[in-house]
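# Understanding the architecture of this molecule
The primary structure of each chain is shown beneath.
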Amino acid sequence: MQYLKWIDGNEYDGSQINPSWAFQEFKVKDSAIVSWVGPMNILGDNLIDYEDVGLDIKGNLMLNFIVEHFDEQPGNLKLAYHRQRILVMITRDKLLDYGIKTTQDGDDIFINNKKLSVSIATASISSMKMHFALNITTEGTPDDVETSALEDNMDVNKIHQLQDDIANTYIEMIETIDKDITKTKVF
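Now for a description of the structure that goes with this document. These figures come from a predicted structure and were not determined experimentally.

## Some words on the sheet that holds strand E6 (residues 114–115)
- Pairing is antiparallel across the open sheet formed by 3 strands, whose spatial order is E4-E5-E6. For this open sheet the edge positions go to strand E4 (103–105) and E6, each flanked by a neighbour on one side alone.
- One ladder, built from 2 bridges, connects strand E5 (residues 108–111) with E6; its direction is antiparallel. Following the sheet pairing, Phe110 is matched in E6 by Lys115.

Dropping the structure here:
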């Protein structure tokens, strides 16, 4: 699995959740986690969560992650959601390393009952995909949702360190799971 950084400032509009986006953008022929800092503004055609139809999913500055796995065809939606929860738990652990206490409800992370994250998982015939993002600021987030932000809880100069910590720990977790599978006797 590869870790790639997209240019900071790029907007997440939901199109990046499409299959093989990292291949199209970076020519990567492997599972990958791509991360960047930028705004989020998901347009109606790119909403894939039926519960979000008609809602604003946006923020002026987010720490974004796109993850794509090609290890099962067709993609397994249940496995994608399991991996999404692993990414959320890793993020909570890393935030705690920065002294930030959080709570979790499903795939959402909260600080003081205010939503810090957005996330979705999906599957296609060729892969499993996730988008996961943390608010760096609350500016531009929907008015009808109480949100929290990293800038209120940590030195924003450490955002890129947090970004690398999350991505590298996720890769390590997936690789150690794969290694455990290869060394385990099955019946």
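So that's the structure; there's more coming.
## Focus on the nonpolar core
- In this structure, Leu63, Leu134, Leu150, Leu162 and Tyr170 are the most contacted members of the largest nonpolar core, which totals 29 residues.
- When contributions to this core are tallied by element, the ones reaching two or more residues are strand E2 (32–41), strand E3 (58–69), helix H2 (77–97), E5, strand E8 (128–135) and helix H3 (159–182).
- Broken down by element, the residue count for this core peaks at 7 residues, all from H3.
- Leave out the neighbours within four places in its chain, and Leu150 touches Leu95, Leu116, Leu134, Asn135, Ile136, Ile159 and Leu162.

## Observations regarding the sheet that holds strand E7 (residues 117–123)
- Strand order in the open sheet formed by 5 strands is E1-E2-E3-E8-E7, with mixed pairing between adjacent strands. Two strands in the sheet have a free side with no partner beyond their single neighbour: strand E1 (2–5) and E7. Between one strand axis and the next, the sheet turns through 20 degrees on average, direction left out of account.
- In this structure, E7 lies alongside E8, joined through 7 bridges in antiparallel fashion. Its bridge partner lying in E8, Ala123 is registered against Met128.
- This element, H3, spans E1, E2, E3 and E8 of the sheet and lies at about 20 degrees to E3.

## Examining the environment of Val145
- If you trace the backbone, Val145 turns up in the loop between E8 and H3.
- Distance from Val145 to Lys114, taken between C-alpha atoms, is 8.1 Å for residues 31 residues apart in sequence.

## Some remarks on a nonpolar patch on the surface
- Where nonpolar side chains cluster on the molecular surface, the patch consists of Met173, Ile177 and Ile181 and spans about 260 Å² of accessible area.
- Mapped onto the elements of the fold, Ile181 is located in helix H3.

## Brief notes about H3
- The terminal C-alpha atoms of H3 lie 35 Å apart, and with 24 residues this matches the ideal 34 Å at 1.5 Å per residue to within 8%.
- Of the residues making up H3, those classed as buried are Ile159, Leu162, Gln163, Ile166, Ala167, Tyr170, Ile171 and Ile174.
- Buried-residue contacts for H3 involve E1, E2, E3, H2 and E8.

## Quick notes on the packing of H2 against H3
- The interhelical angle for the contact between H2 and H3, taken along N-to-C directions, is 135 degrees, at an axis separation of 9 Å. When the axes of H2 and H3 are compared, the pair comes out oblique. Every pair of crossing elements has a handedness; the one defined by H2 and H3 is right-handed. For the pair H2 and H3, contact is made by Arg83, Ile86, Leu87, Ile90, Thr91, Lys94 and Leu95 and by Leu162, Asp165, Ile166, Thr169, Tyr170, Met173, Ile174 and Ile177, respectively.
- Taken together, the residues of the contact of H2 with H3 break down into 10 nonpolar, 2 polar and 3 charged.

## Here's the deal with the side chain of Glu68
- Summarising the element assignment, Glu68 is placed in strand E3.
- We classify Glu68 as buried; its relative accessible area is 3%.
- Side-chain polar atoms of Glu68 contact the backbone nitrogen of Ser20, separated by 2.9 Å.
- At a separation of 2.5 Å, a polar atom in the side chain of Glu68 contacts the side chain of Ser127.

Basis of the calculations
- Residues numbered from 1 in each chain as written.
- Predicted model: local features only at pLDDT ≥ 70, side-chain atom pairs only at ≥ 80, totals over all residues.
- Heavy atoms only, no water.
- Pairing = 2+ DSSP bridges.
- Helix = DSSP H or I, 4+ residues; strand = E, 2+ residues; numbered from the N terminus.
- Core = buried A, V, L, I, M, F, W, Y, C linked by side-chain atoms within 4.5 Å.
- Buried < 20%, exposed > 50% of the residue type's maximum accessible area, 1.4 Å probe, protein only.
- Contact = heavy atoms within 4.5 Å.
- Axes fitted to C-alpha atoms, helices over the stretch in contact; angles between N-to-C directions.
- Patch = residues over 30% accessible without salt bridge, like charges linked within 9 Å, V, L, I, M, F, W, Y side chains within 5 Å.
- Areas by Shrake-Rupley, 256 points an atom, 1.4 Å probe, with all protein chains shown as cover.
- Salt bridge = Lys/Arg side-chain N within 4 Å of Asp/Glu carboxyl O.
- Expected span 1.5 Å × (residues − 1).
- Parallel < 35°, antiparallel > 145°, perpendicular 65-115°, else oblique.
- Left-handed = near helix turned anticlockwise from the far one by under 90°.
- Nonpolar A, V, L, I, M, F, W, Y, C, P; charged D, E, K, R; others polar.
- Polar contact = N/O pair within 3.5 Å; in protein donor to acceptor, adjacent residues only side chain to side chain.

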